[in-house]
Amino acid sequence: MTLAVQDLDAAAGDPHQQLVDAVRAGGPGALAEELGDRAHVLSALTGFPQELFTAADPSAEAFRDVIGSLHALRSAIDALEIRAVVALADSLTLRRQAEARAHAAQESGEEPPPAQLLRAASREAAREVSMLTRRSPASASRSLAARRRLVADMPVMLSAFADSQVTTEDAYRTARSFAPLTPAQRREADRLLGERLPYLDGAGSEEWADARAAAISLADPDGEARRHQHAKRDRHVTVRRGEHGMATVTAHVTALDAALIRKRLSLEAERLRAAGDRRGHQAIQADTFVDTLIGRSESMEPVTLDIGVIITDHVLLDPGTGDLAQIEGYGTVPAETVRESLRGPLDALIGDANSGDEALGPDGPALRAVLRRLYEHPRAEELVGVESRARAFPPALARFIRLRDRTCRGPHCSAPIRHIDHIRPHAAGGRTCLDNGQGACAYCNDKEQQLASVERVGDPAVDGHVVEWTTRLGTTRRTRSARLSAAEDERQDPPSSSEPDDVEPPPHRPC
């Protein structure tokens, strides 16, 4: 009882808690009034800031704090809107149910099925949200379904969103990706993803996509093939109008095909740039894509492409383990995606030992598979390899780093890797080795001009490859190499040390 009294006294002296309690007691009307007051203040500061942003001695740290507070406020408001929209839909459902019961009593008819009333109320709520937020009805309808999943089955993700640990885009993408799961599976995937939040602090959209895929695979390991086949039926091409006479063409295809398309276009752009073409890399890719698709003379010639696909022995031996595959230049995919594409080549490669090369000859499968053994960190579950003494990363080591990192290692950056970067610059004594290397885009490779420090942190034997990025104003984010397996705690057996005598894993030697 003494503790309860102390808590009440503390709440009584806390003006923020008093405001929270007053809004709760006042209901939705009080919440709308409170938000309206805050919106008026912020709008006035935006329209008439006066000296707010033009102080004689502006403080970069103060503006940094303003941006951080605005981000936290936006996350809290967006999370609150999620609950409000779902509550609106539920309220409309109850109203429609009451109207249906009254109509049935007066007309002596049957009351419509609950599912029909729910669909009608959801459409009405989506229309209301569409008009309030100036979004298309289709977009509002999709977001309503995602919001329902967040409120009903994803408490960890919704809480992280409200606390600004998760962006709006990641929260909604996660809710949409969980759609094929049952409510119980969704709650399990939400829990698993919540455990990964500390490791996703500096993650970009690609690493978030990998984490979502891993959580889904673990929550529903037996549904991988079903989910892939269902998603595959949704293949399509769309054309969306752009500005100033431009347009965006989008093709929704399998992950392996998409990775091959991107690599082919990128290689062609690099070839033309090396030959003196002054167009930008992306512009060449776009022009080549159009030329090849519609048959212009500048189209690409057919070539053989080398795409790295990482798939664990767990999946090869037991497809039901729930582990995922990795595609170079794309990221994590359900293993069934790769298994389906490689079924013919792998059968030819590991099937009949007496068939020789005939199965892979001119009449063999168009897609050929080459198996190579890779080694992973026993705890961090990332790729490990050997070092080099050269200043420039040798091709084999550079390729290894690309497979390990998959996308740029800059915080929240998911751009394709364009450079193999020395974490500690070579000019400052940094060595050319796996431990001091990371994949980077052109922007993040210029880190010395943007940041106070970028350095390797943690114990490599325990934490794996962790890089800490710190701005000159003190903001810090950590990025990690992508893991090969779905979840660290899913490993049932310790790493095996029973490799053949003639094959030894490459040693891990920190730089």
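Residues numbered from 1 in each chain as written. Predicted model: local features only at pLDDT ≥ 70, side-chain atom pairs only at ≥ 80, totals over all residues. Heavy atoms only, no water.

(A) Fine view of a positive patch on the surface. A surface patch of positive charge is lined by Arg-142, Arg-173, Arg-176 and Arg-240. Positionally, Arg-142 belongs in helix α5 (residues 137-153). What makes Arg-142 exposed here is its relative accessible area of 51%. (Patch = residues over 30% accessible without salt bridge, like charges linked within 9 Å, V, L, I, M, F, W, Y side chains within 5 Å. Areas by Shrake-Rupley, 256 points an atom, 1.4 Å probe, with all protein chains shown as cover. Salt bridge = Lys/Arg side-chain N within 4 Å of Asp/Glu carboxyl O. Lys, Arg positive; Asp, Glu negative; His and termini not counted. Charge placed at Lys NZ, Arg CZ, Asp CG, Glu CD. Helix = DSSP H or I, 4+ residues; strand = E, 2+ residues; numbered from the N terminus. Buried < 20%, exposed > 50% of the residue type's maximum accessible area, 1.4 Å probe, protein only.)

(B) How the structure looks around the pattern of salt bridges. Under the counting rule described, the total for this entry stands at 25 salt bridges. Of the charged contacts, one joins Glu-268 and Arg-271 as a salt bridge, the two residues approaching to 2.6 Å between their closest N and O atoms. A residue pair is termed a helical-turn pair when its members lie 3 or 4 positions apart in one helix, as Glu-268 and Arg-271 do in helix α11 (residues 255-274) at three residues. Its relative accessible area of 8% is what places Glu-268 among the buried residues. Among the ionic pairs, Arg-279 bridges to Asp-277, the shortest N-O distance being 2.6 Å.

(C) Focus on α5. Between its first and last C-alpha, α5 extends 24 Å over 17 residues, near the 24 Å set by a 1.5 Å rise per residue. Listed in full, the buried residues belonging to α5 are Ser-139, Ala-140, Ser-143, Leu-144, Ala-146, Arg-147, Arg-149, Leu-150 and Asp-153. On its buried side, α5 packs onto α3 (60-107), α4 (114-133), α6 (155-162), α7 (168-177) and α8 (183-196). (Expected span 1.5 Å × (residues − 1). Contact = heavy atoms within 4.5 Å.)

(D) Structural detail: unusual backbone geometry. Despite not being glycine, Gln-50 shows a phi value in the positive range, around 55 degrees. Tracing the backbone through its elements, the reader meets Gln-50 in the loop between α2 (15-47) and α3. Judged by its relative accessible area of 61%, Gln-50 is exposed. Phi angles above zero are rare outside glycine, and Ser-164 is one such case at about 60 degrees. Within the element layout of this structure, Ser-164 appears in the loop between α6 and α7. You can call Ser-164 partly exposed: its relative accessible area is 24%.

(E) Seen up close, the side chain of Ser-414. Relative to the assigned elements, Ser-414 resides in the loop between α15 (395-405) and β6 (419-422). Of the residues examined, Ser-414 reaches a relative accessible area of 17% and is grouped as buried. A distance of 2.7 Å separates a polar side-chain atom of Ser-414 from the backbone nitrogen of Ser-205. Discounting chain neighbours no more than four positions away, the residues touching Ser-414 are Gly-204, Ser-205, Glu-206, Glu-207 and Thr-407. (Polar contact = N/O pair within 3.5 Å; in protein donor to acceptor, adjacent residues only side chain to side chain.)

(F) Representation of the packing of aromatic side chains within the structure. What the rule picks out here adds up to one aromatic pair. Note on Phe-53 and Phe-63: the rings are 6.2 Å apart at their centroids and 25 degrees apart in plane angle, and the pair reads as stacked. Pair noted here: Phe-53 is in the loop between α2 and α3 and Phe-63 is in helix α3, with a separation of 10 residues, a long-range link. Residue Phe-53 is classed as partly exposed on the basis of its relative accessible area of 48%. (Phe/Tyr/Trp six-rings, centres within 6.5 Å; stacked < 30°, edge-to-face > 60°.)

(G) A look at the side chain of Thr-407. Topologically, Thr-407 is positioned in the loop between α15 and β6. Exposure remark for Thr-407: the relative accessible area of 14% places this residue in the buried category.

(H) A nonpolar patch on the surface, seen in detail. Taken together, the side chains of Leu-35, Val-41, Leu-42, Leu-45, Leu-52, Phe-53, Phe-63, Val-66, Leu-70, Leu-73, Ile-77 and Leu-80 present a nonpolar region at the surface, about 930 Å² in accessible area. Those elements that place two or more of their residues in the nonpolar patch are α2 and α3. The element best represented in the nonpolar patch is α3, accounting for six residues. In this fold, Leu-35 is placed in helix α2.

(I) Molecular detail of the environment of Ala-162. By the secondary structure assignment, Ala-162 is in helix α6. Given a relative accessible area of 29%, Ala-162 falls into the partly exposed group. In this structure, the C-alpha to C-alpha distance between Ala-162 and Ala-76, residues 86 residues apart in sequence, is 4.4 Å. Sequence-distant contacts of Ala-162, defined by excluding residues within four places in its chain, comprise Ala-72, Ser-75, Ala-76 and Ala-79.

(J) Region of interest: the environment of Glu-270. When you line up the elements, Glu-270 lands in helix α11. In this structure the C-alpha to C-alpha distance between Glu-270 and Gly-280, which are 10 residues apart in sequence, comes to 9.8 Å.

(K) Structural context of the state of the cysteines. Summed over all chains, the structure comprises zero disulfides. As a non-bridged cysteine, Cys-408 has Cys-444 as the owner of its nearest cysteine sulfur, 3.6 Å distant. Its relative accessible area of 4% is what places Cys-408 among the buried residues. Of the cysteine sulfurs around Cys-413, a residue in no disulfide, the closest is that of Cys-408, at 3.8 Å. (Disulfide = S-S within 2.5 Å.)

(L) Inspection of the nonpolar core at higher detail. Core analysis: the biggest nonpolar cluster contains 27 residues, and Met-157, Val-166, Phe-178, Leu-193 and Trp-208 have the highest contact counts within it. The dominant element in this core, judged by the number of residues it contributes, is helix α9 (residues 205-219), at six residues. Setting aside residues up to four positions removed in sequence, Met-157 forms contacts with Leu-150, Val-166, Ala-171, Thr-174, Asp-190, Leu-193 and Trp-208. Among the nonpolar cores identified, the runner-up in size contains 10 residues, and Cys-408, Ile-423, Cys-444 and Val-467 belong to it. (Core = buried A, V, L, I, M, F, W, Y, C linked by side-chain atoms within 4.5 Å.)

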